[in-house]
Amino acid sequence: MNQTDFAALYSQHVRVLCQRADEALARGGFDHLVIPSGTLYYQAFDDRDYPYAVNPNFKAWLPLTKVPNSWVVYTPGQRPKVIFHQPFDYWHVVPDAPNGWWVAHFDIEIIRTADEALALLPRDASRCAILGEPQSALGGFVPNNPEPVIHYLDWHRAYKTPYEIALMREAQRLGVRGHRAAEAAFRAGASEFEIHMAYCRAVGQDANELPYGNIIGLNEHAAVLHYTDLGRTPPQPLRSFLIDAGASAFGYASDITRTYAAGGHDEFQAMIEAVDVAQQQMGAGVRAGVDYKQLHVDAHLSLMGILKDFGVLKVSPEAALATGVSAAFFPHGLGHLIGLQVHDVAGFAASDKGGRVERPEGHPYLRLTRSLEPGMVVTIEPGVYFIDMLLDEVKQRGHADSIDWTRVDFFRPYGGIRIEDEVLCTEGDADNLTRPEFAKA
Ligand code: GLY
Ligand code: MN
Ligand code: MN
């Protein structure tokens, strides 16, 4: 997709955002929506700034991720306005003058110092819903994040516009390009660090731009769910490789995981293939009206079926689920909402007025408890791992007989398996955003 195509979709996106803002402001009793892009933070006792992370509410409106001290202002019935900070600065690269598909849809005010925004914000700060972090306060414009406004906007952010879907497909395209390069580096015997570098080079993004820190684990490291150490020396022998890495496209994230076996490790390869087949079936279950909690519980049964087939589990999947043994092998949630943030907001929201849908008991890490509806994009990321700490708990709880420990010893050196795609819920069949990119590559 090229820039012209994004432009064609953007006007409808802005219309939707204006409609959502109209309703959110009405619910909160405010006249204006005011969204700071955020500011730079400095490290304690130092003049080094932390990597800048744009306010997600700001980048919902604009494909801009690198303009701190800027603001979006929306007043119902008026064109949205952006106050665009383009400082005179010879120490740093300053943002380019406004350009791109968004400029035709905004009134644009350029400011050269952060304080100049004050004169351009609405007259009465008390009439504004100001969405941001405390550090973005400017004069009387202190972020108030009114709950009725936040509840409404967060809830509706789950329903992606066609423009957002197009950008998320672009994030898939970039991420898969990186995954291909990473697999090639693994096959060539690279270290975790070298694989990470190959990934970044292929995507054209570094750690500050990627949507989250790359998880690149060789052998046993695949069992550390958020392993981000990046070893400098490849282990010998190489047995397995798990990579969980995404890419950003104009502020939208992808979040993709693949697991590979080194040549000659046929039984682990067969287990990867079994999880891959199951993962695709789970993805096909993303349909309007389906309760994501149920998909998660079904995933437990499916994965335990695989462990039974491979001789790791000695009891039925149902028994493993009931005793909590399955949670030792699959100790995270099936997935989450994704979009402007990798773990996008409102995964537990009961409605656009607030409230919370709790997780099922015994599943403390599930991040999404809503029912699926068209427009939602979720990850589907089943995994099985061999994690001693969790397996020891199984023994302590008196369920050691559920497991064939010689099979655990066999698979432990591979760490684990996770496979993760993004799936769009539609009016009909699930639309897997990730797989078509791998098919092309
Ligand atoms: N990469 C973090 C996750 O999969 O949720
Ligand atoms: Mn992931
Ligand atoms: Mn994920």
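In this text the structure is predicted, and so the values were computed from the model without any measurement.

Enquirer: Account for the pattern of salt bridges, naming residues and giving values.
Expert: Under the definition given, this model contains 23 salt bridges. Among the ionic pairs, Lys 160 bridges to Asp 344, the shortest N-O distance being 3.3 Å. You can see Lys 160 sitting in the loop between helix H3 (147-157) and helix H4 (162-187) and its partner Asp 344 sitting in the loop between helix H9 (325-329) and strand S11 (377-380), a full 184 residues away along the chain. Between Glu 183 and Arg 180 there is a salt bridge whose closest N-O contact spans 3.8 Å. With Glu 183 and Arg 180 both in helix H4 and three residues apart, the pair spans about one turn of that helix. You can call Arg 180 partly exposed: its relative accessible area is 33%. If you follow the salt bridges from partner to partner, you end up with Arg 258, Asp 276, Asp 421 and Arg 435 in one network.

Enquirer: Can you explain the UniProt feature "binding site: Mn(2+) 2" (unreviewed entry) in the protein? Please cite residues and give values.
Expert: The UniProt feature table records "binding site: Mn(2+) 2" (unreviewed entry) at Asp 244, Asp 255 and Glu 420. For the residues just named, distributed over 177 residues, the greatest C-alpha separation is only 7.9 Å, placing them together at one site. Along the chain, Asp 255 turns up in the loop between strand S9 (252-253) and strand S10 (256-261). With residues up to four places along the chain from it excluded, the contact list for Asp 255 reads Tyr 212, Asp 244, Ala 245, Gly 246, His 336, Ile 338, Val 342, Thr 379, Glu 381, Glu 420 and Glu 422.

Enquirer: Which residues make up the nonpolar core, and what values do they have?
Expert: Counting residues in hydrophobic clusters, the biggest one holds 56 residues, and the most contacted among them are Met 271, Tyr 292, Leu 307, Phe 329 and Ile 380. Of all elements in the fold, only helix H6 (266-284), helix H7 (292-309), H9, S11, strand S12 (383-385), helix H10 (388-396) and helix H11 (405-411) reach the threshold of two or more residues within this core. Look past the residues within four positions of Ile 380 in its chain and what remains in contact with it is Gln 279, Met 282, Gly 283, Val 286, Tyr 292, Leu 295, Leu 334, Ile 419, Glu 420, Asp 421 and Val 423. Formed by 46 residues, the second largest nonpolar core is a distinct cluster that contains Leu 25, Ile 35, Leu 62 and Ala 129.

Enquirer: Can you lay out the state of the cysteines for me, pointing to particular residues and giving the numbers?
Expert: One pass over the structure, following the stated rule, counts zero disulfides. Cysteine Cys 18 remains unbridged, with the sulfur of Cys 128 as its closest cysteine sulfur at 16 Å. When its relative accessible area of 0% is taken as the criterion, Cys 128 is described as buried.

Enquirer: Kindly report on the coordination of the manganese ion (ligand 3), identifying the contributing residues and their values.
Expert: For the manganese ion (ligand 3), every protein donor is listed as Asp 255 (OD), His 336 (NE2), Glu 381 (OE) and Glu 420 (OE), and the spread of their distances is 2.0 to 2.2 Å. In primary sequence terms, the donor set of the manganese ion (ligand 3) follows D-x80-H-x44-E-x38-E. Between the manganese ion (ligand 3) and the manganese ion (ligand 2), the interatomic distance is 3.4 Å, and Asp 255 donates to each metal, bridging them. In this pair, Asp 255 is assigned in the loop between S9 and S10 and Glu 420 in the loop between strand S13 (416-418) and strand S14 (421-424), connecting sequence segments 165 residues apart. Like Glu 420, Asp 255 is buried.

Enquirer: Outline the coordination of the manganese ion (ligand 2), listing residues and values.
Expert: Distances from the manganese ion (ligand 2) to its protein donors, Asp 244 (OD), Asp 244 (OD), Asp 255 (OD) and Glu 420 (OE), fall within 2.0 to 2.3 Å. Coordination at the manganese ion (ligand 2) is irregular: its six donor atoms span angles of 58 to 169 degrees at the metal.

Enquirer: So what's going on with the site of ligand 1? Which residues, and what values?
Expert: Taken together, Tyr 212, Asp 244, Asp 255, His 336, His 343, Glu 381 and Glu 420 form the complete shell of residues around ligand 1. Within the contact set of ligand 1, an oxygen atom lies 3.1 Å away from a side-chain nitrogen or oxygen of His 336. A class-by-class count of the residues in the shell around ligand 1 yields one nonpolar, two polar and four charged.

Enquirer: Hey, could you go over the side chain of Asn 432 for me, with residue numbers and the actual values?
Expert: The residue Asn 432 is located in strand S15 (residues 431-432) in this model. At a separation of 3.0 Å, a polar atom in the side chain of Asn 432 contacts the side chain of Asp 421. Here Thr 434 takes part through its backbone nitrogen, which lies 2.8 Å from a polar atom of the side chain of Asn 432. Apart from residues no more than four positions distant in its own chain, Asn 432 is found in contact with Asp 421, Glu 422 and Val 423.

Enquirer: Let's hear about the pairing of strand S6 (residues 215-218): which residues, and what values?
Expert: Look at any regular strand and the pattern is simple: side chains alternate between the two faces of the sheet. Along S6, one buried face is formed by Ile 215 and Gly 217 and the opposite face, lined by Ile 216 and Leu 218, is buried too. Bridge count for S6 against strand S7 (residues 240-245) is four bridges, and the pairing is antiparallel. Across the sheet, Gly 217 pairs through a bridge with Leu 242, a residue of S7.

Enquirer: Let's hear about the environment of Arg 169: which residues, and what values?
Expert: As for its position among the elements, Arg 169 is in helix H4. Assessed through its relative accessible area of 34%, Arg 169 is described here as partly exposed. In the structure, Arg 169 is positioned 23 residues away from Glu 192 in sequence and 27 Å away in space, judged by C-alpha atoms. Ignoring anything within four residues of it in the chain, the contact list for Arg 169 reads Leu 424, Asp 431 and Leu 433.

The rules we used
Residues numbered from 1 in each chain as written. Chains lettered and ligands numbered in written order. Predicted model: local features only at pLDDT ≥ 70, side-chain atom pairs only at ≥ 80, totals over all residues. Heavy atoms only, no water. Salt bridge = Lys/Arg side-chain N within 4 Å of Asp/Glu carboxyl O. Helix = DSSP H or I, 4+ residues; strand = E, 2+ residues; numbered from the N terminus. Buried < 20%, exposed > 50% of the residue type's maximum accessible area, 1.4 Å probe, protein only. UniProt positions renumbered as here; feature names shortened; annotations may be inferred. Contact = heavy atoms within 4.5 Å. Core = buried A, V, L, I, M, F, W, Y, C linked by side-chain atoms within 4.5 Å. Disulfide = S-S within 2.5 Å. Donors = N, O, S within 2.8 Å, 3.2 Å for Na, K, Ca; no water. Tetrahedral: all angles 85-135°; square planar, octahedral: opposite > 155°, others 65-115°. Near = heavy atom within 4 Å. Polar contact = N/O pair within 3.5 Å; in protein donor to acceptor, adjacent residues only side chain to side chain. Nonpolar A, V, L, I, M, F, W, Y, C, P; charged D, E, K, R; others polar. Pairing = 2+ DSSP bridges.

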